[in-house]
Structures are given as C-alpha cells and as structure tokens.
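Structural features, examined
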Amino acid sequence: MLRFIIRRLLQLIPILLGLSVLLFAWLRALPGGPAQAALGERATAEDIARYNELFGLDQPLYVQYLRFLGRAVQLDFGTSNRTGRAVTTEFLERFPGTIELTLFAMVFAIGVGIPLGYLAARRYGGFLDSSSVIGSLLGVSIPVFFLAYLMRLVFAVELGWLPGSGRQEVRIDATRITNFYVLDGLMTREWDAAWSAFVHLILPGIALGTIPLAIIVRITRASVLDVVNEDYVRTANAKGLATATVRRRHIIRNALLPVSTTIGLQTGLLLSGAVLTETVFAFGGVGSALRDAITNRDFPVLQGFILMLAVVYVVVNLLVDISYGLLDPRVRVR
Amino acid sequence: MTSLGERKRDRIDMLAAQAGAVPTGEVGLSLTRSAFRRLRRDPVAIIGAVIVVVFLVVAAFAPLLAPKDPIAQYLLSEIRPGSIPGAREGFPLGVDNLGRDLLSRLIHGSRQSLLIGVVSTVLGVAAGMTLGILAGAFGGWVDTVVMRFVDILLSIPSLLMAITVSVLLGQNQWALMIAIAVTQVPIFARLLRGSMLAQRGSDYAVAARALGVRPARIVFGHVLPNSVSPVIVQATLSLATAIIEAAALSFLGLGDPDIARPEWGAMLASAQAYLSIRPWLAVWPAVCIIVVALGFTLLGERLREALDPKFRR
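These notes cover the structure that comes with them. It should be emphasised that the depicted structure is a prediction, and the values quoted were computed from it without experimental measurement. (Residues numbered from 1 in each chain as written. Chains lettered and ligands numbered in written order. Predicted model: local features only at pLDDT ≥ 70, side-chain atom pairs only at ≥ 80, totals over all residues. Heavy atoms only, no water.)

**Details of the overall build of chain A**
Regarding its fold elements, chain A presents 14 helices and zero strands. The helix and strand sequence of chain A, counted from the amino end, reads α-α-α-α-α-α-α-α-α-α-α-α-α-α. Within chain A, buried positions represent 48% of all 334 residues. The long-range share in chain A, meaning contacts at least 24 apart out of those at least 6 apart in sequence, stands at 71%. In the form shown here, chain A has an accessible surface area of approximately 16,700 Å², with 62% of it arising from carbon and sulfur atoms. Taken together, the 31 basic and 24 acidic charged side chains of chain A have centroids lying 12 Å from each other. (Helix = DSSP H or I, 4+ residues; strand = E, 2+ residues; numbered from the N terminus. Buried < 20%, exposed > 50% of the residue type's maximum accessible area, 1.4 Å probe, protein only. Contact = heavy atoms within 4.5 Å. Areas by Shrake-Rupley, 256 points an atom, 1.4 Å probe, with all protein chains shown as cover. Lys, Arg positive; Asp, Glu negative; His and termini not counted. Charge placed at Lys NZ, Arg CZ, Asp CG, Glu CD.)

Here it is in structure tokens:
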C-alpha cells in the first residue's frame, strides 16, 4: 500500500511541472506579454522596458521559467493588478469559502444521489426509476448559472426563505480565525454567525450540487443494476442469507466502487461550477474572484488562481485514487 | 423503458439464440448495422434524433423561418427601466431589452449555438483522435509522452481551461470554439488510446501482423475502425456539453461579442439582468439549450447501448 501511494505521488511531479510550464507560457503568450498584463493597456514602451528589467523579463526564457518556478514553489504569484495585494493572500482568504460551498454541494449530491440511485435501481422500470432517469438527464442539460439564477429568484427574491447573496449576514460582526465561516462560528461559539453562514450555503450549494447529483444518481443506478446480476449475489441469495445482509454486504458495497471514482472526478466539475454559482450568489469565494479577474483582465490573479486550483484538483484526485486502493484491493496491484 | 411487448420479444430472441437458432433478420449483420437497426426500434433514441433534426432544420432555414430581423429594434417607445413589452400581435414571445424580436433571435440563435457545438466538437475530436492514434498505434515512449501531455491538460478543470484559452485568444467566435475544443481533446485522446490498445492485442490484429500486413495498414484498416465507436458516442454527448459550456463562457463575458450573430448562451447571459422584470427572456434561450442538449444526450446514451455488444441480442 505504501509503495502504491509513493508511486502515485511520484507521478504527480511531471504533471505539476507540465502545468507550471503551461501557465508560464500562457502569461508570456498573452498579447503584450506579462509587462502589458501587469501595467495595463495604457503603459508606454518605456514603462514596459523598465518593468521588464525590474522583473528580469529581459533574461533568457529558461532563466525566467526557473525563477517563476522558484517563486511558485514558495506560493508567490505576484500581486493583483487591481487590489495590489498578493495573489496567494487573496486566494487563501477566499478559498475556505469555496471549500465550504463545494463540500456542502458534494454532501448534498452524495446524500441524495446514492439513496435515490439505489432506490431507482430497486424499483427498475417503475415511477421512481423513470422520473430519476429523466431528472438526471435534465440535471446535466441545464446551464448551472441559469439554475442558480432561477433558484435565487424563487427562493431568495420572491419567497424570501433563504438568503440570496454573500456568505454571511453583513450585520453580524463575526470573529475570523480560519475563514471557514461556519467553522469559525462554531469555534468561537458565535452560534448566530455559524448559522447565518450555513444558511447562506444552502441555495448556492444546492445549485452547484445539481450536476454531480444527476451524475451520481445515474452511476449508482447503473452500477447497482450491474451488481444484482452478478454470480456472487445469486450465490449469497442461494446460501439463504437475509435479504438485508445481501443488500448491504454484497450489493451496496460493490456497487459503490464505481460511484466513488465518479465522486473524485466531480471535483473538477464542482470547481468549474463554483465560478458560475459564486458569481450568481455574489458568494465571496475563489470563483467570484476569478470572474472579477476575467472582467478586469487581472492576469496575475488568473494565473495564480488557476494554477492553485489545478493543484488542488490533482491532489484531490490523488486522494481519491488512494482511497480507492483502500476500498478495492485489486487496484493496488496495477 | 421498453414496452412489455418489446421486452417479451427480446426475451424470445435471447432464448432462440441460446437454443442455437439465429433470430430472423439479424443474420450476418455487422455491428454497425445491427446497432442502427436497434436504434430505429428504440423510442428514446428516436425522440433524441427528432429533437436534433428539428433544431438542425430550424438552423438551416433560419432566415426563412424567422418572422422578423433578429437585430432590428421594435417597440422602443414602450421599453422603460422596469418594463419590457411581452407577447403580442406580431411578437409571439415579446421583445428583449433592446426591442429585438425574441422568437426571431431564438431561431437565428440556433445557427450560432449549433455551429459552436459542432465546430468545437469536430476540432476536439480531430485533435484528440490524432493524439489518441499516436499513443495507441505506437505505444512505448510515444504513448508515455502523449499521455503525460493529456494528463496535464486533464489536470485543469474544464471551465478553467476554457477560460485560460479564451483569455489568450481574445473574444471572437473562433476563440470560443477553440477554447471549448481544447477541453475535449484529452477526453477523446484517452478514449481512443484505451480502445486502440484493447484492440491491438486482439486476434485479428495479431493475425494481420503475422501475415506481414504493413503497420500503417493494420492501424488504419483494422484497429482504428474497430476502436472508434466509443469516440462516436462521446462526440454525440460532447455536442451537448459544448453548447452548455459556450453559454457558461458567454455568461463570464468571454463569448462572441458580435451582436449581428445572436446566440442562445449570450442571450441567456444578458437576460439575467432582467430576470425579475421579464423572466421569459432568460427562460426561452435556456429551454432551447436544455432541449438541444437533451436531444444529443438521449441520442448519445442510446447509441452507446446500441453499439455495446453487451446489450446486443
């Protein structure tokens, strides 16, 4: 098992290096290059020359890349053009919000999706089955941001049941420790702050969780249907095991293996979707910051955020792979 | 979702096959033809195909079908902050915030949306297949290099990848298509490589090699044609994703800024600002996107089942 983990960790290195080359080249390939990107479109030629000298952009490319890599390893991606603050500081301030949101979305998708997919498979061809199949098809066809706007309009604006923007009531003066607002509230025992932060997660979380939900329902249903026809299930039934035991130990356990890989793959989808949902709900996470960076052409922020999000994505997938190895001993061998 | 009668018939066919008898009508059919035959009998696949064909026809004949000019402005005197005229004589779906006929814009928009979907998928398939063929045909170090590159592309979440490409190329419809295509390249490359590697070890490939058939001929004449069916399925599904992703990019301000070409994603994105005044401005383009995406998805899913020998009876 340890060898498996080490091998997977080593495979990470070329990917991360390639990623850094790609995003380094990206900033260089932009019209006007990094100097123009940092100084804006009205920069004069002299400004650009001074900037290039100052930041070593007149050096050969490989020197520049090695410097970039050296700084990137120390999580230094320069400063935002708009706010002048360090990109990493901004990322770390906002990322907890996105983690809270994606976790909520994932818990929602898994918590609803697996039981729903399982029940749909048990009642194969029935009403629940067909409606969950149709629902999951609709779920993957709907543009996330439209769904988010619709939910916000109905539940926040018209009905006023849930808050429709921000991460917390503005009037609550909460203490910040980790920037995970819910956690902070719990840690400082400011219950109202924690509750407010949690309530603010519901609408964007559900909107964000819809696509993973649709996919999880579909995969769970398909894999349960696959497993019930396996020989070992027939054997278990023939041995006279209680139906509940067969379901729990033989069907669900085996059916969840493909589901767990899908859950890992959903992280990318969630990070993509977060950019859209956070924008709709003015949720102060990395997603809405990315959207602002696009509108303002804030290239250092774009570069740093995308690189850091990609690293997060790769690491999460690594963790999923490892947990998959724990769940299914057959994976380790390969 | 098969009807009872059909399920019974399939069951009979299966029993007949087990008894050693060949069911009539399936004698010596190639996989493709029998797949097509099954698709024709499948109501869900037909619904998907009908949706797709209807929208293709609308897109093809958009100028003839649209009652009005999609960029001409009407009823401007009635548009005020907080009020946009709704449906009325001559404007079945009303006008948008700039007084342009919504129905005509939807009809013309089908052209641009489908074009973006098709072109970006074709680009993605072409690039992905090239990489996949390289990796799958040569194996060895070529395979390693190509697949590492593909892994790097896969390590950026798709929308972020599209944003990166789109920012680099600037705002025009080609940038949009290429940005979406790039996110699909790694998927097709992996898919084709996997399926070619599986075919490479098969008996007919080994036999061809033993007979001294040239490697290029084995790859293009034998292995490739037997490996493309998952690519076809994925391409159908990708058409849906591409159209949805185009909408997302438009929403982020990375769409095609040319107002002469209405597009559903851009319409949906700009309608968000008027959602509380006239939600229909957003609902109609959204419905178009959902229905087309659904059509491609239904068709793709059923195609997958029809081409999968596991479901072949």
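**Structural notes on helix H10 (residues 215-227) of chain B**
All names here are of chain B. Listed as buried for H10 are Ile-218, Val-219, Val-223, Leu-224 and Ser-227. Along the axis of H10, the buried positions cluster into a sector of 135 degrees, meaning they face one direction only. Facing away from the buried surface of H10 by more than 90 degrees, the exposed residues are Arg-217 and Phe-220. (Arc of directions from axis to C-beta.)

**Some words on the packing of helix H3 (residues 43-60) of chain B against helix H5 (residues 102-138) of chain B**
Helix-helix packing is characterised by the crossing angle of the two axes and by the distance between the axes. All names here are of chain B. At a minimum axis separation of 8 Å, H3 and H5 run at an interaxial angle of 110 degrees. With respect to H5, the element H3 is oriented roughly perpendicular. For the pair H3 and H5, contact is made by Phe-55, Leu-56, Val-58, Ala-59 and Ala-60 and by Ile-107, Ser-110, Arg-111 and Leu-114, respectively. (Axes fitted to C-alpha atoms, helices over the stretch in contact; angles between N-to-C directions. Parallel < 35°, antiparallel > 145°, perpendicular 65-115°, else oblique.)

**Overview of the packing of helix H8 (residues 173-200) of chain B against helix H11 (residues 229-251) of chain B**
All names here are of chain B. H11 packs onto H8 with a crossing angle of 155 degrees between their chain directions and a minimal axis gap of 10 Å. Overall, the two elements H8 and H11 adopt an arrangement that is roughly antiparallel. Taken as a pair, H8 and H11 cross one another with a handedness that is right-handed. Side by side, H8 and H11 meet where Leu-176, Ala-179, Ile-180, Thr-183, Gln-184, Ile-187, Phe-188, Leu-191, Leu-192 and Ser-195 of the first sit next to Pro-230, Val-231, Gln-234, Ala-235, Ser-238, Ala-242, Glu-245, Ala-246 and Leu-249 of the second. The class makeup of the residues in the contact of H8 with H11 is 13 nonpolar, five polar and one charged. (Left-handed = near helix turned anticlockwise from the far one by under 90°. Nonpolar A, V, L, I, M, F, W, Y, C, P; charged D, E, K, R; others polar.)

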